[in-house]
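Take a look at the letters that make up each chain.
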Amino acid sequence: MKRKKCIAMLLAGGQGARLYALTNMVAKPAVSFGAKYRIIDFTLSNCYNSGIDTVGVLTQYQPLILNEYLGNGEPWDLDRSYGGLHSLPPHQSKVGGEWYKGTANAIYQNLHFLDAYDSEHVLILSGDHIYKMDYSKMLEEHIAKGADCTIAVIDVPYEEASRFGILDYGRDSRITSFEEKPLNPKSNHASMGIYIFKKETLVAELKKDEADKKSGNDFGKNIIPNMLAGDKKIFAYSFEGYWRDVGTIRSLWETNMDLLGKNPDFSLGGQDGNKIYGRNEALPPTYFGADAKVQNSIMTSCEIFGTVVSAVLSEGVTVGKGATVKDSIIMKGTTIGEGAKVEYSIVDENVTIGANCKLGQGGDKDNLVLVGRGVTLEKGSVVKAGEIVEK
């Protein structure tokens, strides 16, 4: 078989604990986003739009719904006889087996997958970011510079820098320092968690890291700093587009809200040549009752009899007569009863909100209501701003 130029390894096994009830039964990459997508659609669509035709998805926490959604990879043109999409859970081998201990260990446990396709380069991705990016341009720069590793970098506000891996680099873009989530950041150049490695370099570094019993087996904390200490050629690839880590309730809400308005901060359309693909069936249009009112919202195949303002509604959502949904995200299959008032809330899939319930009254983006999957709120229930309701 012909050697592949680059394959992708997509890290999708994290618990996503900061999304609380949303990830009790679902892996974070499988959480709904933007009315008709799931978070992982963005990374997979980037692979398709970049000509990456072989993707290993490393799963671990609550993988059932994610694996069912991924299927054979057909929506992202990854249903191929050689390459395509592969789900890679932790597995038993002759020398034993264990859960993935960190991002680096997850790749290490799948060196057999890298060997199977014998690619020249390996692209490491995360399955919990919202953005559009052409990885082929990053790969071209990586090859042109003869880099051992290239890291995608975006500048963030200094007040947020301590949440990221922070690096510094010179005029030639060669990285001179890297520190994971520093208390006192020296710059605002943040790692996007997107790496391209020479395959041979990656394999050698992973084996060295695995042999170090004191290592946390993490790319940001261990692999990258050790490579810099060994004088490996690591370069920054600057990215200036829209990119959001949706690892918290607030960031997930804000990123959905960025889709709204006449000139949204982020567009789901393919006008820029980077269409987002997902496992979406042909659905009937949204039905609007005689008294329905909708403003500054997006929705997919819903039934609206009440008022919806500045909201994102997924497939199969029903908003009852006299009900109001405002500044909220309502996920697939949820029913909002007559006269209910829902504000500053994120409501998961298949929730039933009874008539005249009140959610999030007087809330804001720092005090969001969160209702977990499959919850039923009885008629007249009150959920105060900032509260979490789960089964």
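Rules of the game
Residues numbered from 1 in each chain as written. Predicted model: local features only at pLDDT ≥ 70, side-chain atom pairs only at ≥ 80, totals over all residues. Heavy atoms only, no water. Helix = DSSP H or I, 4+ residues; strand = E, 2+ residues; numbered from the N terminus. Rg over C-alpha atoms; globule rule 2.2 N^0.38 Å. Buried < 20%, exposed > 50% of the residue type's maximum accessible area, 1.4 Å probe, protein only. Contact = heavy atoms within 4.5 Å. Lys, Arg positive; Asp, Glu negative; His and termini not counted. Charge placed at Lys NZ, Arg CZ, Asp CG, Glu CD. Pairing = 2+ DSSP bridges. Right-handed = clockwise from strand over helix to strand, strands pointing away. Arc of directions from axis to C-beta. Phe/Tyr/Trp six-rings, centres within 6.5 Å; stacked < 30°, edge-to-face > 60°. Lys NZ or Arg CZ within 6 Å of the ring centre and 35° of its normal. Salt bridge = Lys/Arg side-chain N within 4 Å of Asp/Glu carboxyl O. Polar contact = N/O pair within 3.5 Å; in protein donor to acceptor, adjacent residues only side chain to side chain. Core = buried A, V, L, I, M, F, W, Y, C linked by side-chain atoms within 4.5 Å.

1. Topic: the overall build of the chain
Within the chain one finds eight helices and 31 strands. Relative to a compact globule of 391 residues, whose C-alpha radius of gyration would be 21 Å, the chain shows 22 Å and is just as compact. Sorting the 391 residues of the chain into buried and exposed places 54% on the buried side. At a minimum sequence separation of 6, the contacts of the chain that also span at least 24 residues come to 59%. Looking at charge distribution, the chain has the averaged site of its 44 positive side-chain charges lying 1 Å from that of its 49 negative ones.

2. Observations concerning the pairing of strand β4 (residues 54–58)
β4 sits mainly inside the fold: five of its five residues count as buried. Side chains of β4 alternate between two faces, with T54, G56 and L58 and V55 and V57 buried alike. Pairing geometry for strand β1 (residues 6–11) and β4, over four bridges, is parallel. In the strand pairing of β4, L11 is matched with L58. In terms of strand pairing, β4 meets strand β5 (residues 84–87) through four bridges, oriented parallel. From the neighbouring strand, V57 faces β5, where its bridge partner is S87. After leaving β4, the chain enters helix α2 (residues 64–70) and then returns to the sheet as β5, a path that is right-handed.

3. Topic: the environment of I40
Mapped onto the elements, I40 comes out in helix α1 (residues 40–49). Given a relative accessible area of 0%, I40 falls into the buried group. As a C-alpha pair, I40 and Y69 span 29 residues in sequence and 9.9 Å in three-dimensional space. The residues touching I40, leaving out its near neighbours within four places in the chain, are L10, A12, P29, V57, L66, Y69, L70 and G127.

4. Side note on the sheet that holds strand β27 (residues 358–359)
With respect to topology, six strands assemble into an open sheet ordered β15-β18-β21-β24-β27-β30, the strand pairing being parallel. Among the strands making up the open sheet, the edge pair consists of β15 (293–295) and β30 (382–383).

5. Regarding helix α5 (residues 135–144)
Taken as a whole, α5 has its buried residues at Y135, M138, L139 and H142. Relative to the axis of α5, the buried residues are bounded by an arc of 100° and lie together on one face. What points out from α5, more than 90 degrees from its buried face, is the exposed set K137, E140 and A144. G146 lies just past α5 and shows a positive phi near 65°.

6. Re the packing of aromatic side chains
Taken as a whole and judged by the stated rule, the model has 15 aromatic pairs. An aromatic cluster is defined as three or more aromatic residues linked by ring pairs; in this entry it consists of F33, Y37, F42, Y242 and F266. The ring of F266 has K132 lying over it, and the distance from NZ or CZ to the ring centre is 5.7 Å. A cation sits over an aromatic face here: R244 above Y242, 4.3 Å from the ring centre.

7. Observations concerning the sheet that holds strand β31 (residues 388–389)
Spatial strand order, β16-β19-β22-β25-β28-β31: six strands in an open sheet with parallel pairing. What marks the edges here is a single partner per strand, and that holds for β16 (298–299) and β31. Relative to β31, strand β28 (residues 369–371) runs parallel, the two being bridged by two bridges. Along β31, the bridge assignment pairs V371 with V389.

8. A look at the side chain of D218
Within the fold, D218 resides in the loop between α6 (199–211) and α7 (219–229). Within the buried set, D218 has no salt-bridge partner at all; the shortest N-O distance to an opposite charge, 5.7 Å, is to K221. Within the local environment of D218, its side chain forms a polar contact with the side chain of T103, the two groups lying 3.2 Å apart. The contact partners of D218, leaving out residues within four places of it in the chain, are T103, A104 and I223.

9. Points about the nonpolar core
I40, L44, V55, L123, L125, M133 and I194 are the most contacted members of the largest nonpolar core, which totals 39 residues. Elements represented by at least two residues in this core include exactly β1, α1, β4, α2, β6 (121–126), α5, β8 (149–155) and β11 (189–198). Here the element with the most residues in this core is β11; it accounts for four residues. Core analysis: the next-biggest nonpolar cluster, separate from the first, contains 33 residues, L11, L167, F219 and A236 among them.

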